[in-house]
Amino acid sequence: MPPPTPRLFLIRHGETEWSLNGRHTGTTDIPLTARGEEQIKSKAHILVGEGKTIDPKNLCVALVSPRQRAHRTFHLLFEHLPKFPDHIIDVSAREWDYGKYEGLFKHEILAIDPNWTIWRDGCPGGESAQEMCARVDSVISKVREYHRQYFEEGKGTRDVLVVAHGHFNRVLISRWLEFDLATGTHFNVEPGGVSVLSYNHSSLDEPALNALNLYADIK
């Protein structure tokens with residue numbers, strides 16, 4: 001009998017001042033708001049712990065963006081437990097580099113380029129759509145290698161956790177499902193929301209989306 005199907009828990013950081021007001025937040029390293037911290041704390045006891053959805057004994061590895069909003073989110077999820085699980089600060093899990101559009105509202109960007117869409121055009125002075133796609137694909141490759149070793153060789157444990165960002169997570173969901181990057185425009189990921197990615201029919205050749213925006217404050 002095959003082992004339980006491996007999973008990827010993909011979490012967006014909690015609310016920040018800029019995520020609340022709609023500014024593009026890539027390299028700017030701003031903290032969670034008080035409400036953002038509470039978003040994560042309120043779900044940690046429900047979501048994380050022995051026998052719960054994210055059980056530390058099932059976590060093979062956690063990959064965390066280097067931005068403080070993501071790292072703080074990770075710590076808030078696990079601070080009620082006796083110890084933190086092993087985790088890697090992974091620069092590949094950072095948010096899209098918005099370049100010259102960093103800190104701008106969408107309407108301000110459209111005033112500069114009325115035809116702009118990030119899914120096609122990327123960001124001048126930052127990352128192109130092709131560069132973002134390649135970076136996210138590299139993270140997926142890491143995750144799937146952990147899953148392969150667990151599922152086929154019995155190494156490690158079942159689950160991987162990634163704590164990252166809005167556009168990053170939307171791209172990852174699209175690419176996990178083998179869609180073009182631009183399909184990410186159809187997936188909303190709310191601050192603090194949890195997505196679950198796995199596989200159908202116990203086959204690593206059939207990537208699937210199991211859940212989107214679990215425990216999030218849906219607008």
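Q: Quick question: what am I supposed to make of the environment of K142 here?
A: With respect to the helices and strands, K142 occurs in helix α6 (residues 129–153). Its relative accessible area of 32% is what places K142 among the partly exposed residues. Linking K142 and W119, residues 23 residues apart in sequence, is a C-alpha distance of 23 Å. Here D90 takes part through its side chain, which lies 2.7 Å from a polar atom of the side chain of K142.

Q: So what exactly am I meant to see when it comes to the pairing of strand β4 (residues 159–164) here?
A: Sheet faces and side chains relate simply in a regular strand, where the side chains alternate between the two faces. For β4, the tally of buried residues reaches six of six residues, placing the bulk of the element in the interior. Burial along β4 is two-sided: D159, L161 and V163 and V160, V162 and A164, pointing in opposite directions, are all buried. Inspection of the sheet shows strand β1 (residues 7–12) paired to β4 by six bridges, in the parallel sense. When the sheet's bridge partners are listed, L8 is paired in β4 with V160. The pairing of strand β2 (residues 59–64) with β4 spans five bridges and is parallel. The residue of β4 that forms the bridge with V61 is V160.

Definitions and cut-offs
Position numbers for residues start from 1 in each chain and track the written sequence from start to end. Totals for whole chains, interfaces and linings use every residue, but because this is a predicted model, local features are given only for residues with pLDDT of at least 70 and side-chain atom pairs only at 80 or more, for both listing and counting. Remark: hydrogens and water are excluded; side-chain values derive from all non-hydrogen atoms of the structure. The secondary structure listing takes helices from DSSP runs of H or I that are at least 4 residues long and strands from runs of E that are at least 2 residues long, numbered from the N terminus. Relative accessibility under 20% of the residue-type maximum defines a buried residue, over 50% an exposed one, and the middle range a partly exposed one, all with a 1.4 Å probe and only protein chains included. Within 3.5 Å is the distance limit for a polar contact, defined as a pair of N or O atoms, with the added protein rule that one can donate a hydrogen and the other accept it, and that residues adjacent in sequence qualify only through two side-chain atoms. For two strands to pair, DSSP has to find at least two bridges joining them.

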